[in-house]
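Architecture and fold: a report
Below are the chains, spelled out letter by letter.
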Amino acid sequence: MVGTAAWLVFVSPVLGVRTVQIVGNLTVPTEEIKKQAAVPELQPLATVDLATVEGRVLGIRKIATARAARSWPGTLTIEVVEREPVAVVPVNGKAALIDREGVVTEIKDVGPPRLPVLKLDRPGPGDPATKAALEVVNALPPALAQRVDEIRATSADGISLLLSDGREVIWGGPDRAVDKARVLAELLSRKARVYDVSSPEVVTLK
């Protein structure tokens with residue numbers, strides 16, 4: 001009886017994969033994820049290497065996390081979370097959309113107008129200036145974020161914002177974002193070309 005049970009679970013297609021269920025995808029097609037997962041039909045569900053399946057699915061650029069689980073008698077469920085672009089980086093005349101970790105999610109001819117443009121010397125997940133600029137993007141309150149057209153980062157502490165009306169904000173480093181945003185909201189009612197909030201206690205207008 002033990003041998004028969006083991007055969008049914010680990011060898012026989014009776015408890016094989018009949019359905020691959022994808023959960024959580026919004027823009028990545030279900031069929032693309034199934035193809036990337038590469039789970040053979042009727043493979044015994046008990047023998048599916050879940051970690052391997054998750055690793056394959058993470059090979060899709062737009063996928064941030066993937067979790068595979070067995071649902072007896074014959075369903076493999078793969079739950080994914082897609083990467084959400086937060087900014088655009090110009091690259092060779094194209095618009096590279098990047099997420100909060102600096103990973104490129106896709107490349108388009110033109111970036112979405114709702115996303116700020118990052119001007120960086122060496123864009124990439126390992127670049128300190130890129131990391132600092134993304135920290136600023138993620139920390140901006142919505143009311144301020146919608147007024148920002150461009151974020152320039154010459155270094156991790158040399159970040160500035162270009163607003164949609166042409167005014168410039170010297171932000172400095174990514175630290176104390178809440179204080180800087182609060183001070184800036186008060187200052188924007190005053191006429192100036194440049195607002196320096198890099199040190200929230202001592203601000204300057206030009």
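None of the values given here were measured: they were computed from a predicted structure.

**Considering the packing of helix α2 (residues 30-37) against helix α3 (residues 50-57)**
- Two numbers describe how α2 lies on α3: the axes approach to 8 Å, and their chain directions differ by 130°. Regarding the angle of α2 to α3, the classification is oblique. Relative to α3, α2 is oriented so that their crossing is right-handed. For the pair α2 and α3, the contacting residues are Ile 33, Gln 36 and Ala 37 in the first and Val 53, Arg 56 and Val 57 in the second.

**What about the nonpolar core?**
- Counting residues in each nonpolar core, the largest one holds 31 residues, and the members touching the most others are Leu 118, Ile 151, Ile 159, Leu 161, Trp 171 and Leu 184.
- Contributing elements (two or more residues each) for this core: β4 (87-91), β7 (117-120), α4 (128-139), β8 (148-153), β9 (159-163), β10 (168-172) and α6 (177-187).
- Looking at this core element by element, the count peaks at 6 residues for α4.
- Grouped together as the second largest cluster of nonpolar side chains are 19 residues, Ile 22, Ala 37, Val 48 and Ile 60 included.

**Let's talk about the sheet that holds strand β3 (residues 75-82)**
- Pairing in this open sheet of 3 strands is mixed, and the strands run β1-β3-β2 from one edge to the other. The two strands at the open ends of the sheet, each matched to only one other strand, are β1 (19-23) and β2 (63-71). Strand-to-strand twist of the sheet, defined as the mean angle between neighbouring strand axes without regard to direction, takes the value 20°.
- For β1 and β3, the ladder comprises 5 bridges, and the chain directions are parallel. Among the inter-strand pairings, Val 23 is bridged to a residue of β3, identified as Glu 79.
- Helix-sheet contacts for α2 involve β1, β2 and β3, and the interaxial angle to β1 is about 125°.

**Overview of the confidence of the model for the chain**
- Put simply, the chain has an average pLDDT of 90, and 93% of its residues get 70 or more.
- Taken as a whole, residues 1-11 scores under 50 in pLDDT and shows 11 contacts with residues more than four places along the chain or in a different chain.

**Some words on the pairing of strand β6 (residues 104-108)**
- Bridge analysis of strand β5 (residues 94-98) against β6 gives 4 bridges, and the strand direction is antiparallel. Its bridge partner being in β6, Ile 98 is matched across the sheet by Val 104.
- Where β5 hands over to β6, the hairpin turn is made up of 5 residues, of which Gly 102 adopts a positive phi near 90°.

**Quick look at the side chain of Asp 127**
- Tracing the backbone through its elements, the reader meets Asp 127 in the loop between β7 and α4.
- Buried charge without a partner: Asp 127 forms no salt bridge, and the closest opposite charge is Arg 122, 4.3 Å away.
- Within the local environment of Asp 127, its side chain forms a polar contact with the side chain of Thr 130, the two groups lying 2.7 Å apart.

**With respect to the environment of Ser 71**
- Relative to the helices and strands, Ser 71 resides in strand β2.
- When its relative accessible area of 31% is taken as the criterion, Ser 71 is described as partly exposed.
- Spatially, the C-alpha atom of Ser 71 lies 9.7 Å from that of Gln 21, the residues being 50 residues apart in sequence.
- Ignoring sequence-local partners within four residues, the contact set of Ser 71 consists of Leu 45 and Thr 77.

What counts as what
Every residue gets a number counted from 1 within its own chain, in the order that chain's sequence is written. Note on the predicted model: pLDDT of at least 70 is required for a residue's local features to be given, and 80 or more for side-chain atom pairs to be given and counted; whole-chain, interface and lining totals, by contrast, use all residues. Neither water nor hydrogens contribute to the side-chain values; these are computed over all heavy atoms in the structure. Helix axes are fitted to C-alpha atoms over the stretch in contact, other axes to C-alpha atoms as well, and angles between N-to-C directions run from 0 to 180 degrees. A run of H or I in DSSP counts as a helix once it spans at least four residues, and a run of E counts as a strand once it spans at least two, with each numbered from the N terminus. Any angle that is under 35 degrees is reported as roughly parallel, and any over 145 degrees as roughly antiparallel; angles of 65 to 115 degrees are reported as roughly perpendicular and all others as oblique. By convention, the crossing between two helices is left-handed when the near helix turns anticlockwise from the far helix through less than a right angle, and right-handed when the turn is clockwise. What makes two residues a contact is simply this: any of their non-hydrogen atoms within 4.5 Å. Side-chain atoms within 4.5 Å link the members of a nonpolar core, which is a set of buried Ala, Val, Leu, Ile, Met, Phe, Trp, Tyr and Cys residues. The buried label applies to any residue whose accessible area, calculated with a 1.4 Å probe on protein chains only, is under 20% of its type's maximum; exposed applies above 50%, and partly exposed to all values in between. Any two strands with at least two DSSP bridges between them are considered paired. Per residue, pLDDT captures the predictor's confidence, and it can take any value from 0 to 100. Positive charges come from Lys and Arg, negative ones from Asp and Glu, while His and the chain ends are left out of the count. A carboxyl oxygen of Asp or Glu within 4 Å of a side-chain nitrogen of Lys or Arg is what we treat as a salt bridge. Distance and chemistry together define a polar contact, namely a pair of N or O atoms within 3.5 Å, with one atom able to donate a hydrogen and the other to accept it when in protein, and with adjacent residues in sequence counting only for side-chain atoms on both sides.

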